[in-house]
2 protein chains.
Amino acid sequence: MTLTFLPKGNICSPKEFKVGAAYCGLKKSKNLDICVLYSKLPAVAVAAFTTNKFRAAPVEFSEKIIRAKKKVSAIVINSGNANACTGLQGMENSQRMAKIASEALGISVTEMLVCSTGRIGVQLPMEKIKNGIESIIASGLSAKNGHKAAEAIMTTDLSKKECAVVFNAENKKITIASMTKGSGMISPKLETSFPHATMLSFITTDAVIDQDLLTETFNECVQNSFNKITVDGDMSTNDSVILLANGATGNKKINKGSQGAEIFKNALFQVMKKMAQSIVRDGEGATKFVAVETINARSEKDADLCSRAIANSLLCKTAWFGGDPNWGRIAAAAGYSGAKFNPAKTSIDYNNLPVILNGLSVGTPEAKLASEVAKKNIHIRINLAVGKYSATIWTNDISYDYVKINAEYKT
Amino acid sequence: MTLTFLPKGNICSPKEFKVGAAYCGLKKSKNLDICVLYSKLPAVAVAAFTTNKFRAAPVEFSEKIIRAKKKVSAIVINSGNANACTGLQGMENSQRMAKIASEALGISVTEMLVCSTGRIGVQLPMEKIKNGIESIIASGLSAKNGHKAAEAIMTTDLSKKECAVVFNAENKKITIASMTKGSGMISPKLETSFPHATMLSFITTDAVIDQDLLTETFNECVQNSFNKITVDGDMSTNDSVILLANGATGNKKINKGSQGAEIFKNALFQVMKKMAQSIVRDGEGATKFVAVETINARSEKDADLCSRAIANSLLCKTAWFGGDPNWGRIAAAAGYSGAKFNPAKTSIDYNNLPVILNGLSVGTPEAKLASEVAKKNIHIRINLAVGKYSATIWTNDISYDYVKINAEYKT
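Attention in this report is confined to the structure presented alongside it. Since the model is a prediction, treat every value here as computed from it, not as a measurement. (Residues numbered from 1 in each chain as written. Chains lettered and ligands numbered in written order. Predicted model: local features only at pLDDT ≥ 70, side-chain atom pairs only at ≥ 80, totals over all residues. Heavy atoms only, no water.)

All names here are of chain A. Close contact between helix 7 (residues 300-312) and helix 8 (residues 314-322) brings their axes to 5 Å; oriented N to C, the two are set at 60 degrees. In terms of their interaxial angle, helix 7 and helix 8 are classed as oblique. In this structure, helix 7 contributes I310, A311 and N312 to the contact, and helix 8 contributes L314, C316, K317 and W320. Along the lines of polarity and charge, the residues of the contact of helix 7 with helix 8 split into 5 nonpolar, 1 polar and 1 charged. (Axes fitted to C-alpha atoms, helices over the stretch in contact; angles between N-to-C directions. Helix = DSSP H or I, 4+ residues; strand = E, 2+ residues; numbered from the N terminus. Parallel < 35°, antiparallel > 145°, perpendicular 65-115°, else oblique. Contact = heavy atoms within 4.5 Å. Nonpolar A, V, L, I, M, F, W, Y, C, P; charged D, E, K, R; others polar.)

The structure is reproduced here in structure tokens:
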């Protein structure tokens, strides 16, 4: 299953996707803040949305289109304003954004999705939005604007997050690409029937694939990628993962149980994993990337609970920032996680270096442990020794800059 | 129900309690790190302990005594080392601490409780502990050492936490007092049959009171005080609330349903509330005291979930530190809390100033909101408008100093 990441991969790497971006006046920084993604061929669309009760208007709008299983031709996305907690006016504004874009593109409004990200509780300045959308479309969408689009969806992100992979399936070269944003208010939650995510991620592919298979594959990949990251434990009101499959490659349809289905799933997972991890690496103020792996738990849920409690522990996160191998905080977090286990049988490793064996310090010298925790990448493994389930949560540390960014954040 | 806080109230304000404190070599700072609290009359004892799976040895030791409903004459407490994650050796060390103290005091080891707080995962240096206990008892316990004892139990605390109230019940003057420590790793959890807490709090009283009534009253007061605070969302392995009632006042026994029972409960609650709030005010790096009150929820649990999610939200806590009236973060936290409500009917106030009404910004000028969030004390009220239950969680902000303290903490 050869899979190649393209060196300059971007959201327009798959065939027949075009995009345009502009600054319309939403961001004080005057960076790009609006973009329109367009597929010449109406695409099969699948998505995952936040389950936050205060869901933003664009989430409500887009979810309706997805639930109706409409084909989607375009997505209009703004950053700098979340259009969340904006009531009926907010709903009207999302609809209007879709309408303005659909009219300028000459498509039906039911083929449009809308996404917003940024400050909560402020109505969108619709004149600026309108001018932005119209100028983007008037100046012509292009497959060359991929990198600009990835920039236009950023908020507190420090780096663009985009990638594309190519692979062969059903005798055709297929491409999957993504542009993603997210840096804070990142903490997806498991155990929902309708999967969700806590950032914006757009995924395009030119594959022809059975819609049910696509939905199933998408859901599984979301659970194992975006739903396995946490930056600050805060779940957002807006965030969405949307995949458009426009079929431009013209391959023989990928069906369930085929080898192509396996290849496709692996490629999609690699793209999502890369994007999910890039959110964590660019987490607000993050200086470290930490994988918290729980093994031999009694259930998948217990494994997730244990890894997640540690990944969200403020005391663990600040210790990682300080390079302090304070494994007592890890044990304490495992202890209150709700996972079932016997402390006297539990072991903990840092980057494969044993720290606790059967509930007791193995006496690895503090300096040796400290040198592991001083690394940019830390892998923590907790062996609960009571079952066969495992789960890894990807997270980062909490630094002075995290506090700075969030004590002073106003878009 | 007149109730007076004594100006110099301390753990020895109730009759027949004496204490001694020393530095035995556990703290690098060379501050006092060990103390012995003694009651001349064996006392009825009730307690609440952490439910963390990695419970410390002294918690296991003391819980056995409490469960056996033994009368308690003394507590030996050390700071600087938690004796947690220390296995069988740790259990033996707790027992030995109790034995050393009981022998020096000339009492039975079954009349002793043991508490430890500090760094996790390091064995207690028993020679130092032994010398400490013996020198404290050799130099004589005294009711004048109350303030010193409150100092000896501190770890990252910046201030001593102690108080005493006097009131009349059953025609006698009764006193309830407490010394408490706690500043980080503070996040008690509800819904346990055996209540627990996440700090050390010692409460003494000279009242004569029915043991069942005392247990019931104690549990109710713990739920409404220590179980309503959070500093960082991290539940500790060690912490304990212990109440000793030695009956030295010789009042007619306070029985269930009496006026004295009501007066006693109110007094005990006032002491616990003051101590619980003082932990939050002295929370690691805290610059603000925040009360998060949810009203009109569908159940007590929902009210608690909503207030607690906001109180633990890193984004809310950093916004408070920055004086940023970012109510979107409060709405988002309520939205993922798990509480059932309709966003379109939800309202939020800051210090009685309306922020959101029926899910929408009321347009209070940003500067006016900012001036409320700039205050030292912030009261946030969320009206879910779906029921009649309410709950308040007391918390604080997260500052640069929180990160500093916890990135660099080593006792």
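Time to look at the side chain of T249(A). Summarising the element assignment, T249(A) is placed in the loop between strand 9 (240-245) and helix 6 (259-281). With residues near it in sequence (within four places) discarded, T249(A) still touches K15(A), K172(A), K173(A), I174(A) and D206(A).

A few words now on the sheet that holds strand 12 (residues 353-357) of chain A. Residue and element names in this part refer to chain A. Read from one edge to the other, the open sheet built from 6 strands follows the order 13-12-11-14-10-15, with strand pairing classed as mixed. Looking at strand neighbours, the two that pair on one side only are strand 13 (360-361) and strand 15 (389-396), the edges of this open sheet. Inspection of the sheet shows strand 11 (residues 347-350) paired to strand 14 (residues 377-383) by 4 bridges, in the antiparallel sense. Bridge pairing in strand 14 places S347 opposite N383. On the sheet, helix 6 packs against strand 10 (289-297), strand 14 and strand 15 and is oriented at approximately 45 degrees with respect to strand 15. The sheet contacts of helix 7 involve strand 10, strand 14 and strand 15, and relative to strand 15 the element is tilted by about 20 degrees. (Pairing = 2+ DSSP bridges.)

Attention now moves to the packing of helix 5 (residues 211-223) of chain A against helix 6 of chain A. All names here are of chain A. One can describe the packing of helix 5 onto helix 6 by two numbers: an axis separation of 9 Å at closest approach and a directional angle of 40 degrees. On the basis of the axis angle, helix 5 is oblique to helix 6. Here helix 5 runs over helix 6; the crossing is right-handed. Contacts between helix 5 and helix 6 involve L213, L214, T217, F218, E220, C221 and V222 from the former and A261, F264, K265, L268, F269 and M272 from the latter. Residues belonging to the contact of helix 5 with helix 6 are distributed by class as follows: 10 nonpolar, 1 polar and 2 charged. (Left-handed = near helix turned anticlockwise from the far one by under 90°.)

Residue and element names in this part refer to chain B. Counting buried positions along helix 9 (residues 327-336) yields 10 of 10 residues, so the element is predominantly enclosed. For helix 9, the full list of buried residues reads W327, G328, R329, I330, A331, A332, A333, A334, G335 and Y336. Looking one or two residues past helix 9, G338 carries a phi angle of roughly 100 degrees, positive in sign. (Buried < 20%, exposed > 50% of the residue type's maximum accessible area, 1.4 Å probe, protein only.)

We now examine the relation of the copies chain A and chain B. At an RMSD of 0.0 Å, chain A and chain B line up after a rotation of 180 degrees and a shift of 0.0 Å along the axis. Read as a symmetry element, the transformation amounts to a two-fold axis. Taking the C-alpha atom as reference, chain A places Y400(A) closest to the rotation axis, 2.8 Å from it. Comparing interface residues between copies, 100% of those in chain A also lie at the interface in chain B; the contact surface is shared. (Least-squares fit on C-alpha atoms with pLDDT ≥ 70 in both.)

So, on to the packing of aromatic side chains. Here the structure, examined in full by the defined rule, presents 6 aromatic pairs over all chains. Seen in terms of ring centroids, F54(A) and F341(B) are 5.7 Å apart; in terms of plane orientation they differ by 50 degrees. Their pairing is tilted. Note that F54(A) is positioned in the loop between strand 3 (34-49) and helix 1 (57-67) and F341(B) in the loop between helix 9 and strand 11 (347-350), a pairing that runs across two chains. Across this residue pair, the class does not change: F54(A) and F341(B) are buried. (Phe/Tyr/Trp six-rings, centres within 6.5 Å; stacked < 30°, edge-to-face > 60°.)

Residue and element names in this part refer to chain A. Mapped onto the elements, A291 comes out in strand 10. On the basis of relative accessibility, which here comes to 7%, the residue A291 falls in the buried class. Taking the C-alpha atoms as reference, A291 lies 30 Å from R119; in sequence the two are 172 residues apart.

Listed by partner, the interface residues are 55 residues for chain A and 55 residues for chain B. Summing both partners gives a buried area of about 4,600 Å² for chain A against chain B, and 64% of it is carried by carbon and sulfur. Counting across the chain A and chain B interface gives 4 salt bridges. Across the salt bridge formed by R119(A) and E366(B), the nearest N and O atoms sit 3.4 Å from each other. Joining chain A to chain B, the criterion identifies 8 residue pairs in polar contact (both at pLDDT 80 or more). Looking at the side of chain A that touches chain B, the elements that each hand over two or more residues are helix 8, helix 9 (327-336), strand 13 and helix 11 (400-407) of chain A. (Buried area = accessible area lost by both parts, 1.4 Å probe. Salt bridge = Lys/Arg side-chain N within 4 Å of Asp/Glu carboxyl O. Polar contact = N/O pair within 3.5 Å; in protein donor to acceptor, adjacent residues only side chain to side chain.)

Further remarks concern the side chain of T175(A). Structurally, T175(A) is set in strand 7 (residues 172-181). Beyond its immediate chain neighbours, meaning those up to four positions away, T175(A) contacts S13(A), P14(A), A164(A), V165(A), V166(A), T204(A), T205(A) and D206(A).

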